[in-house]
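Structure at a glance
Read off the chains here:
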Amino acid sequence: MAHKKKTIVVLTGAGVSAESGIKTFRDSDGLWEGFNVDEVATADAWRWNKEKMLEFYNQRRAQAASVEPNAAHLALRELEEHFNVHIVTQNVDSLHERAGSSQVLHLHGKLSEVKSSVDDSLIFDVGDKPVHLGDKCPKGSQLRPNVVWFGEQVPEIPNAQRIMAKADICLIVGTSLVVYPAAALVYDVPVQAPVFVVDPSKPAEFIFDREITFIEKRASEGVPELVSHLIQNYV
Ligand code: OAD
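Fair warning: this is a prediction, and the values are worked out from it, not measured in the lab.

This part is about the overall build of the chain. Helix and strand content of the chain: 8 helices and 11 strands. Overall size of the chain, expressed as C-alpha extent along the three principal axes, is 55 × 40 × 30 Å. Scored against the burial criterion, the 235 residues of the chain give a buried share of 49%. Put simply, 64% of the contacts in the chain that link residues at least 6 apart link residues at least 24 apart. As displayed, the chain offers around 11500 Å² of accessible surface, 51% of which is attributable to carbon and sulfur atoms. With 24 positive and 32 negative side-chain charges, the chain shows a separation of 4 Å between the mean positions of the two kinds.

Structural data, given as structure tokens:
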């Protein structure tokens, strides 16, 4: 008889890409690749700092394209052979897709895309190419990275909530869970679903009304171990 695959929902953050060579946000004194987040990742900064922000994202885009998925991304791909896997990522890199994961929702957008600054529906794939001041959308507005900045709505939240609510099992990998509304997604996971967290340091504000298995390891080590455990015990 056909066996219905269980659904595993994986919420990932910067920590899953750390060992690929992309720095996390909060592990280095609030500086991100040497930049102050307020100057490069807020809606306000875009009004007065377009050139610097475009340059910052050009660098991030080129960097993300030059690194490779690590063992954690690859293990999550392998999980698809046994489970229906949905990844909800806060990351703007494409390392989950490049590892082969097929159902990836980007909550905070993608580095490989730009969009119109007057019409959110006009989105263009630029791959690893830079975007400059003066590069315009068909409506004549400056193109901007298709990433969510502080002070902006997170349009994918309702879709992400629907996915979290389908979880038979939930994995949380490499996120400090301090940025909302993404952090609140853990509360959409059904109460009966076991939750596993892989992170070398326990998310500080992690108040969660159920038992959690905490794997205090780096993603490249902890995720492959967890994937083997899930395949052995939960298929
Ligand atoms: P953070 O930098 O806040 O947190 C990174 C997490 O990864 C921390 O809990 C670290 O302990 C953990 N970590 C570090 N190295 C790791 C490793 N090798 N393996 C596993 N975990 C590791 O990053 P996020 O939680 O992703 O938003 O940040 C959330 C959002 O804040 C980002 O999406 C971004 C940022 O501002 C926007 O840009 C809108």
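Time to look at the environment of Phe56. Within the secondary structure, Phe56 is located in helix 4 (residues 50-66). Linking Phe56 and Pro224, residues 168 residues apart in sequence, is a C-alpha distance of 33 Å.

Among all positions in helix 8 (residues 219-234), only Ala219, Gly222, Val223, Leu226, Val227 and Leu230 are buried. One face of helix 8 carries all of its buried residues, which in axial projection span an arc of 135 degrees. On its buried side, helix 8 packs onto strand 1 (7-12), helix 1 (15-18), helix 5 (71-79), strand 9 (169-173), strand 10 (195-198) and strand 11 (212-215).

Among the 22 residues in the neighbourhood of the ligand, the closest are listed as Phe25, Arg26, Thr175, Ser176 and Asp199. Between an oxygen atom of the ligand and a side-chain N or O atom of Arg26, the distance comes to 2.6 Å. Protein chains shield 92% of the accessible area of the ligand, which is 790 Å² for the free molecule. Looking at the shell around the ligand, its residues break down into 8 nonpolar, 9 polar and 5 charged.

This next bit is on the pairing of strand 9. For strand 9, the tally of buried residues reaches 5 of 5 residues, placing the bulk of the element in the interior. On strand 9, burial covers both faces: Ile169, Leu171 and Val173 on one face and Cys170 and Ile172 on the other are all buried. Across 5 bridges, strand 1 lies against strand 9 in parallel orientation. Paired with Thr12 across the strands is Val173, a residue of strand 9. Where strand 9 meets strand 10, 4 bridges bridge the pair, whose relative direction is parallel. Note that in strand 10 the partner of Val173 across the bridge is Val198.

Reading the values: the criteria
- Residues numbered from 1 in each chain as written.
- Predicted model: local features only at pLDDT ≥ 70, side-chain atom pairs only at ≥ 80, totals over all residues.
- Heavy atoms only, no water.
- Helix = DSSP H or I, 4+ residues; strand = E, 2+ residues; numbered from the N terminus.
- Buried < 20%, exposed > 50% of the residue type's maximum accessible area, 1.4 Å probe, protein only.
- Contact = heavy atoms within 4.5 Å.
- Areas by Shrake-Rupley, 256 points an atom, 1.4 Å probe, with all protein chains shown as cover.
- Lys, Arg positive; Asp, Glu negative; His and termini not counted.
- Charge placed at Lys NZ, Arg CZ, Asp CG, Glu CD.
- Arc of directions from axis to C-beta.
- Near = heavy atom within 4 Å.
- Polar contact = N/O pair within 3.5 Å; in protein donor to acceptor, adjacent residues only side chain to side chain.
- Nonpolar A, V, L, I, M, F, W, Y, C, P; charged D, E, K, R; others polar.
- Pairing = 2+ DSSP bridges.

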